[in-house]
Amino acid sequence: MDLYSGYISRLIAELSVLPGIGTKSAQRLAFHIINMPKEQVEKLAAAMTEARENIRYCNVCFTLTDSEVCPVCSDASRNRKQIMVVENTRDMTAYERTHKYEGVYHVLHGAINPSLGIGPADIRLAELLKRLQGDVDEVIIATNSSIEGETTAMYISKLIKPTGIKVTRIASGVPVGGELEYIDEITLSRALDARVEL
Ligand code: ZN
């Protein structure tokens with residue numbers, strides 16, 4: 001027998017698939033949603049559906065965006081010869097918040113992680129190499145300082161070295177294992193300024 005109504009159980013089950021949401025949190029959220037005004041629930045549901053339906057990858061840097069080319073790639077004042085490689089859109093946003101970086105980005109959508117079976121072909125590396133056939137002065141590797149992030153950084157640097165393009169890695173101001181999106185703007189700016197050539 002269902003402890004709650006079937007509808008509530010289903011809502012709890014759907015919510016608990018979200019990252020970081022255990023059964024208890026899912027229950028709390030479910031009851032909160034049920035008590036919200038109906039219009040607000042409709043807005044929330046619509047925001048989720050519309051985001052999923054309309055968001056796409058930028059044709060140039062592969063970040064998640066609403067248009068064919070994202071606002072950063074469409075901005076004529078950005079330096080297209082400098083490409084910062086990040087693991088995901090959240091990390092790109094973290095760097096954008098510093099207002100210190102004037103180049104463009106390349107979003108990998110992951111990092112190499114052999115234990116999860118994620119190899120170089122599973123992230124947007126081929127797309128990065130293709131971009132490097134253009135006029136590029138520097139590739140700044142800003143993957144996270146986790147084992148996966150470091151593995152990915154090493155892999156990319158070895159891949160790019162033969163092309164003669166300068167490859168740098170953001171400095172260790174970023175704590176080991178630290179995820180970029182949780183690091184404050186000043187630390188990120190310093191890590192960028194103190195980047196080292198690989
Ligand atoms: Zn873009």
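Residues numbered from 1 in each chain as written. Predicted model: local features only at pLDDT ≥ 70, side-chain atom pairs only at ≥ 80, totals over all residues. Heavy atoms only, no water.

1. Some details on the domain arrangement of the chain
1) Next: Domain annotation for the chain reports domain 1 (6-54) and domain 2 (64-197).
2) Next: Taken over C-alpha atoms, the centre of domain 1 sits 33 Å from the centre of domain 2. (Domains from an automatic or database assignment.)

2. Some details on the sheet that holds strand S3 (residues 79-86)
1) Next: On the basis of which strands lie adjacent, the open sheet formed by 5 strands has the order S4-S3-S5-S6-S7 and mixed pairing. The open sheet terminates on both sides in strands that have one partner only, identified here as strand S4 (103-107) and strand S7 (196-197).
2) Next: Examined bridge by bridge, S3 and strand S5 (residues 138-141) share 4 bridges and lie parallel to one another. Bridged to Gln 82 within S5 is Glu 138.
3) Next: Contacts from helix H5 (residues 89-98) reach S3 and S4, with the element oriented near 160° to S4. (Pairing = 2+ DSSP bridges. Helix = DSSP H or I, 4+ residues; strand = E, 2+ residues; numbered from the N terminus. Contact = heavy atoms within 4.5 Å. Axes fitted to C-alpha atoms, helices over the stretch in contact; angles between N-to-C directions.)

3. Some words on H5
1) Next: Turning to H5, its buried residues are Thr 89, Asp 91, Met 92, Ala 94, Tyr 95 and Thr 98.
2) Next: Where H5 is buried, its residues contact strand S2 (64-65), helix H4 (71-74), S3, S4 and helix H8 (185-193).
3) Next: Structurally, the start of H5 carries an N-cap: the backbone nitrogen of Arg 90 is 3.1 Å from a side-chain oxygen of Asn 88.
4) Next: Positive phi shows up at His 99, right after H5, with a value of about 55°. (Buried < 20%, exposed > 50% of the residue type's maximum accessible area, 1.4 Å probe, protein only. Polar contact = N/O pair within 3.5 Å; in protein donor to acceptor, adjacent residues only side chain to side chain.)

4. Quick notes on the packing of aromatic side chains
1) Next: Counted by the stated rule, this structure contains 1 aromatic pair.
2) Next: Considering the side-chain rings of Tyr 101 and Tyr 105, the 5.1 Å spacing of their centres and the 65° angle between planes classify their relative orientation as edge-to-face.
3) Next: With relative accessibility at 5%, the residue Tyr 101 sits in the buried group.
4) Next: Of note, Arg 124 hangs over the ring of Tyr 57, and the distance from its end group to the ring centre comes to 4.6 Å. (Phe/Tyr/Trp six-rings, centres within 6.5 Å; stacked < 30°, edge-to-face > 60°. Lys NZ or Arg CZ within 6 Å of the ring centre and 35° of its normal.)

5. With respect to helix H7 (residues 147-160)
Helical geometry: 3.6 residues make up each α-helical turn, so side chains three or four residues apart lie on a common side.
1) Next: Taking 1.5 Å per residue as the helical rise, H7 with its 14 residues ought to reach 20 Å, and the 20 Å between its terminal C-alpha atoms agrees with that figure.
2) Next: All buried positions along H7 are accounted for by Gly 149, Thr 152, Ala 153, Ile 156, Ser 157 and Ile 160. Around the axis of H7, the buried residues are gathered within 130° of arc, so they sit on the same side. Those residues of H7 that are exposed and angled more than 90 degrees off the buried face are Ile 147 and Lys 158.
3) Next: Packing partners of the buried residues in H7 comprise S3, helix H6 (125-131), S5 and strand S6 (166-169). (Expected span 1.5 Å × (residues − 1). Arc of directions from axis to C-beta.)

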